[in-house]
Amino acid sequence: MSRAVVFAYHNVGVRCLKALIGRGVEVALVVTHQNNPNENIWFASVAQTARDYGIPVITPDDPNAPEVVEQVQACQADFLFSFYYRHMLKAPLLEAARRGAYNMHGSLLPKYRGRVPINWAVIHGETETGATLHQMNVKPDNGPIVDQMAVPILPDDSADEVFAKVTVAAEMVLWRSLPGLIAGDAPHVQQDLSLGGYFGGRKPEDGRIDALASAERLHDFARALTRPFPGAFADTAAGRLLLWKTLRVGRAAPTERAELRCADGRLWLHCADGGRLAVLEAELAGQPLTADNFAARVAADALAL
């Protein structure tokens, strides 16, 4: 039986941990995060999953601290796996497993290396993304690829919907890769890093809307940041506007900058390039904004972003 130490968080962490258990891998230790009380915890718990299976769990603030490294080394694991764990693991941890350390990343590497790859892929209007299992080294997301699987990004998919697809892809990639890893004959294909780029993390302030962007880009931006994420927003004369759900619907006359209007019983966002979005769900100054209350809330024919 192969033995592993698992660093994991989020839904991908839960499903990949279960895949390891399902393949008969002995998980000696799970390292995960304490939930942040200021974060919207919309995903499943790795810690609870580990406890369900009677696996020891630790939640260190610094996974690279000497006492954590010693605890991992003491497990004498064959493999170390990282499944959506949020901290970088340094060389002493990566070298603690006899047969290598592997990470599951939520993109088709080498594209979208780094943080929140699914949100970035949707922001940039990609038509597909996926999950990649790769060997880890001290640089983020650039080790040899073992396997990957693509999933489609439909034109109106939210980042949350894409994340659900990537979670399934991650489970499938790990499940079909484990026999080869255990046998020692899994492929390890070097990445051509010139074919992709590195992207950093995102903060709520990064959701500020560019009022000069095209309708296509604004639609992609809104669906990439909609719930459970903080949302795409603009500070307007009537208060902060949040766009939660849009659809691309035809064209209108170009505007100097994006404007929200109400017509035919619906809200419309007229964009600088002449594109038009139907706004299916929005919020203004902390309250739902609808076609029925637009006139009273905005007190104008149009609301400039």
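Reading guide: rules and limits
- Residues numbered from 1 in each chain as written.
- Predicted model: local features only at pLDDT ≥ 70, side-chain atom pairs only at ≥ 80, totals over all residues.
- Heavy atoms only, no water.
- Helix = DSSP H or I, 4+ residues; strand = E, 2+ residues; numbered from the N terminus.
- Contact = heavy atoms within 4.5 Å.
- Buried < 20%, exposed > 50% of the residue type's maximum accessible area, 1.4 Å probe, protein only.
- Pairing = 2+ DSSP bridges.
- Axes fitted to C-alpha atoms, helices over the stretch in contact; angles between N-to-C directions.
- Parallel < 35°, antiparallel > 145°, perpendicular 65-115°, else oblique.
- Left-handed = near helix turned anticlockwise from the far one by under 90°.
- Arc of directions from axis to C-beta.

Novice: Would you take a moment to explain the side chain of threonine 129 for this structure?
Specialist: Topologically, threonine 129 is positioned in strand E7 (residues 128-135). Setting aside chain neighbours within four positions, we find threonine 129 in contact with Gly106, Ser107, Leu108, Ala121, Met149, Ala150, Val151, Ile153, Val162 and Val166.

Novice: Would you mind showing me how to read the pairing of strand E5 (residues 101-105) here?
Specialist: A regular strand places its side chains on the two faces of the sheet in alternate fashion. Of all five residues that make up E5, five are buried, and the element is covered over most of its length. Judged by which residues are buried, E5 turns out to be covered on both faces: Ala101, Asn103 and His105 on one side and Tyr102 and Met104 on the other are all buried. Relative to E5, strand E4 (residues 79-83) runs parallel, the two sharing four bridges. Each bridged residue has a counterpart across the sheet, and for phenylalanine 81 the counterpart in E5 is tyrosine 102.

Novice: Whenever I open this one, the packing of helix H1 (residues 10-22) against helix H6 (residues 159-183) confuses me. Can you help?
Specialist: For any two helices packed against each other, one specifies the inter-axial angle together with the distance between the axes. Their axes nearest at 9 Å, the elements H1 and H6 cross at an angle of 25°. Classed by the angle they form, the pair H1 and H6 counts as roughly parallel. Once H1 is placed against H6, the crossing between them reads as right-handed. Only Phe163, Thr167, Ala170, Glu171, Leu174, Trp175 and Leu178 of H6 make contact with H1, whose side of the interface consists of His10, Asn11, Val12, Arg15, Cys16, Ala19, Leu20 and Gly22.

Novice: So what exactly am I meant to see when it comes to helix H3 (residues 66-74) here?
Specialist: Each turn of an α-helix holds 3.6 residues, which means side chains three or four residues apart point in the same direction. Of all the residues in H3, the buried ones are Val68, Val69 and Val72. Around the axis of H3, the buried residues are gathered within 100° of arc, so they sit on the same side. Away from its buried face, by an angle of more than 90 degrees, H3 presents the exposed residues Pro66, Glu67, Glu70 and Ala74. Of the surrounding elements, those touching the buried residues of H3 are strand E1 (3-8), strand E2 (26-31), strand E3 (57-58), E4 and helix H4 (91-94).

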